[in-house]
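Chain by chain, the residues:
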Amino acid sequence: MEWKEIYKNRFATVEEAVRAIEDGDHLVFGHAAGCPQVVPAEMIAQKERLHDVGIYHMLTLNDGSYLTPGTEGHFRHITNFVGGNSRQAVADDRADFLPVFFYEIPQLFDEVYPVDVAVIQVSYPDSEGNCSFGLSCDYTKAAAEKARLVIAEMNENMPYVEGDNKIHISRLDYIIPTNLALPEIPLPKITDVEKAIGRNCASLIEDGSTIQLGIGNIPNAVANELKKKKHLGIHTEMFTETMVDLIECGAVDNSQKGLNNGYSVCSFTMGSQRLYDYINNNPAVLFKSCTYTNDPYTIGLNNKFVSINATLEVDLYGQASSETVKGLPWSGTGGQSETVQGAQMSKGGKSILAMHSTYTTKDENGNEVLHSKIVSCLHPNSAVTTSRNDTDYVVTEYGVAWLRGLNIGDRAKALIKIAHPAFREQLAKEAEELCIW
C-alpha cells in the first residue's frame with residue numbers, strides 16, 4: 001500500500017490510542033525533550049481500567065503525574081536515571097531504580113524488559129514516508145523497533161533530525177497529531193566559580209580534540225572556554241546549545257575526529273528553541289542510537305577524545321560518586337562511565353571529572369554549613385560511578401589533579417591540593433588515620 005494511504009488510516013484520538021494499552025503492559029516513553037506529552041495525561045484519565053502497567057524512561061521533561069501518590073497499582077515506573085519528576089517516587093518506593101550503562105539499555109528490551117508499547121514523539125513524514133524521532137534517538141528508536149505497538153505523537157514542532165533517527169509511517173500503529181511546544185531548558189547563569197572550573201578544564205583540551213560534554217553548568221562553562229580552540233570535533237550523548245556556539249564561532253569543524261569526519265554525532269538533545277531550529281534538517285548533525293554513541297569501543301575510535309563530566313563527590317583514592325546523595329539516587333550513571341572508558345581507548349584521549357570544591361547545607365538553626373566534595377571516604381551506600389582505576393583528571397576551581405599512574409598516597413596529595421583550603425588540613429589528617437600514607 002502507498003505510504004500515504006497507510007498514513008491516513010493510522011490517525012487516532014489520544015483516547016483511542018490509550019485504550020490499546022492493556023493491563024500488565026511494559027511501556028517505554030521517549031527520552032528527555034522527546035518524551036510524549038498527551039498520552040501520559042490520558043493514561044491518568046483512564047487509570048482505573050489500567051493495572052500493573054510498567055513505564056520505563058530515563059529523564060523526561062513532562063510533569064510525571066503517573067508517578068504521584070494515588071497511581072500505585074496502576075503504574076510502576078522503572079528508570080536508570082532519576083530526575084526531578086521521579087526522584088521522590090524512587091525514594092517512596094513507587095518507582096524502581098535500575099543500574100545499567102546507557103549504551104546497554106536497548107539490550108534490556110530483549111533480555112529483561114520486553115517492550116509491549118512504545119510511546120514516542122516524531123516529526124511529520126518526509127517524501128518517502130519516514131518520520132524523524134527528532135530530539136531523542138538514544139533508546140527511543142530501539143524501543144519503537146522492538147515494540148508490539150507504537151503510539152506516536154506526531155508534533156508539527158518536532159524538528160526533522162538526520163542520522164539513524166527515522167521510523168517509517170508503516171511502523172506507527174496510532175498517530176496522534178499535535179502542535180505542542182517542545183519542552184525547553186534555559187541556560188542558567190554561570191557563576192565565577194564555574195568559570196574558573198571551565199578554564200581549568202579547557203587548559204587540558206588540545207586543538208583537534210573530539211569532545212563530549214555532560215549535563216549541567218560546569219560542562220557549559222567548559223564550552224564557553226573553548227571558543228578559541230581549533231578543529232574540535234563532537235561525539236557526545238547529548239548535543240548542547242553551547243555546542244552550537246562552538247560550531248558557529250569556528251572552534252568546531254569536525255575535521256580531525258578520525259570517525260565521522262565532518263559531522264557532529266550525538267544521541268539526544270534538550271535545550272532552547274534556537275537549538276531545535278539549528279538541528280532541524282541540518283545534514284551536519286547526526287543522531288544515532290546510544291548503542292553507537294556510548295559504546296566505549298566506538299568512542300575510542302575518535303582521535304583525542306576528551307570527556308567532560310560533572311561529579312558530586314570524590315574520595316582520596318580517586319573514586320567518584322556522581323549519581324547519589326547520602327546514598328540515595330539523585331540522577332544516574334548516564335554516559336559518564338562509558339565516556340571515561342572510551343577516552344582511555346582513544347589515541348591521545350583524556351577524561352575529566354569536574355566539580356565545585358564545596359557544597360552547603362543548613363543546620364537545625366537554619367545556618368549554612370560548608371562541606372567538602374573531596375572526602376576521605378565516600379558516604380555509605382554511595383554509588384561509585386567512576387572507579388579509581390578509571391579516574392584520570394579531577395578538576396575544581398582550585399586546580400587540576402592528574403591521578404592516572406599515581407599511587408594511593410600521591411593521589412590523595414594531589415586531590416587535597418585542589419580541595420577548598422578550609423578542608424585541606426583535615427583531609428590530610430584523615431588520610432593519615434586511614435593509612436593512605
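Structural data are supplied above this passage.
Residues numbered from 1 in each chain as written. Predicted model: local features only at pLDDT ≥ 70, side-chain atom pairs only at ≥ 80, totals over all residues. Heavy atoms only, no water.

Focus: the side chain of Glu323
Residue placement: Glu323 occurs in the loop between strand S18 (320-321) and strand S19 (324-325). Despite its burial, Glu323 pairs with no opposite charge; the closest candidate is Arg87, at 11 Å N-O. One polar contact links Glu323 to Thr333, side chain to side chain, over a distance of 3.0 Å. Sequence-distant contacts of Glu323, defined by excluding residues within four places in its chain, comprise Phe97, Leu312, Leu328, Pro329, Trp330, Ser331, Gly332, Thr333, Ala383 and Thr385. (Helix = DSSP H or I, 4+ residues; strand = E, 2+ residues; numbered from the N terminus. Buried < 20%, exposed > 50% of the residue type's maximum accessible area, 1.4 Å probe, protein only. Lys, Arg positive; Asp, Glu negative; His and termini not counted. Salt bridge = Lys/Arg side-chain N within 4 Å of Asp/Glu carboxyl O. Polar contact = N/O pair within 3.5 Å; in protein donor to acceptor, adjacent residues only side chain to side chain. Contact = heavy atoms within 4.5 Å.)

Things to note about the sheet that holds S18
Strand order in the open sheet formed by three strands is S18-S17-S24, and the pairing between neighbours is mixed. With one partner strand each, in any of the chains shown, S18 and strand S24 (374-375) form the two edges of the open sheet. Relative to S18, strand S17 (residues 313-315) is paired through two bridges, and the arrangement is antiparallel. Note on S18: the bridge partner recorded for Glu313 is Ser321. (Pairing = 2+ DSSP bridges.)

Notes on the sheet that holds strand S26 (residues 399-402)
Strand order across the open sheet formed by six strands is S11-S10-S16-S21-S25-S26, with mixed pairing between neighbours. Two strands bound the open sheet, and with one partner strand each, they are strand S11 (233-234) and S26. Across five bridges, strand S16 (residues 305-310) lies against strand S21 (residues 350-354) in parallel orientation. Opposite Ile308, over in S21, you have Ile352 as the bridge partner. Lying on the sheet, helix H7 (residues 192-202) is in contact with S21, strand S25 (393-396) and S26; it crosses S25 at an angle near 150°. (Axes fitted to C-alpha atoms, helices over the stretch in contact; angles between N-to-C directions.)

Here's the deal with the pairing of strand S2 (residues 53-56)
Of the two faces of S2, both are covered, the one formed by Val53 and Ile55 as well as the one formed by Gly54 and Tyr56. Where strand S1 (residues 26-29) lies against S2, three bridges are found, and the strand directions are parallel. Bridge pairing in S2 places His26 opposite Gly54. Handedness of the S1-helix H3 (residues 39-45)-S2 crossover: right-handed. Pairing between S2 and strand S3 (residues 75-79): four bridges, direction parallel. Paired with Ile55 across the strands is His77, a residue of S3. (Right-handed = clockwise from strand over helix to strand, strands pointing away.)

Topic: the state of the cysteines
Where two cysteines share a covalent bond between their sulfur atoms, that bond is called a disulfide. Tallied over the entire structure, the rule returns zero disulfides. No disulfide involves Cys377; its nearest neighbouring cysteine sulfur is the one of Cys435, lying 12 Å away. Classification of Cys377 by relative accessible area gives partly exposed; the value is 41%. (Disulfide = S-S within 2.5 Å.)

A few points about the nonpolar core
Membership of the largest hydrophobic core comes to 75 residues, with the highest contact counts inside it found for Phe109 and Leu172. Aside from chain neighbours lying at most four places away, what touches Phe109 is Val28, Tyr56, Pro114, Val115, Tyr139, Ala142, Ala143 and Lys146. Ile55, Leu67, Val117 and Leu149 belong to the second-largest nonpolar core, a separate cluster that totals 24 residues. (Core = buried A, V, L, I, M, F, W, Y, C linked by side-chain atoms within 4.5 Å.)

Here we look at the packing of H7 against helix H8 (residues 217-224)
At a minimum axis separation of 8 Å, H7 and H8 run at an interaxial angle of 60°. When the axes of H7 and H8 are compared, the pair comes out oblique. For H7 against H8, the interelement crossing comes out right-handed. Together, Glu194, Lys195, Ile197, Gly198 and Cys201 of H7 and Asn217, Ile218, Ala221 and Val222 of H8 make up the contact between the two elements. Looking at the contact of H7 with H8 residue by residue, the classes come out as five nonpolar, two polar and two charged. (Parallel < 35°, antiparallel > 145°, perpendicular 65-115°, else oblique. Left-handed = near helix turned anticlockwise from the far one by under 90°. Nonpolar A, V, L, I, M, F, W, Y, C, P; charged D, E, K, R; others polar.)

Here's the deal with unusual backbone geometry
What is expected of a backbone is that most residues other than glycine have negative phi and most peptide bonds are trans. For Lys304, which is not glycine, the phi torsion reads 45° and is therefore positive. Tracing the chain through its elements places Lys304 in the loop between helix H12 (296-300) and S16. One non-glycine residue with positive phi stands out, namely Lys326, at about 50°. Within the secondary structure, Lys326 sits in the loop between S19 and strand S20 (328-329). For Lys326, a relative accessible area of 62% corresponds to the exposed category.

Brief notes about helix H15 (residues 421-433)
The α-helix advances 3.6 residues per turn, and as a result positions three or four apart in sequence lie on the same side. Restricting attention to buried positions, one finds in H15 the residues Phe423, Leu427 and Ala431. Looking at the packing, one finds that the buried side of H15 touches strand S22 (358-362), strand S23 (368-372), S24 and helix H14 (408-417). Two residues or fewer past H15, Cys435 is found with a positive phi of approximately 60°.

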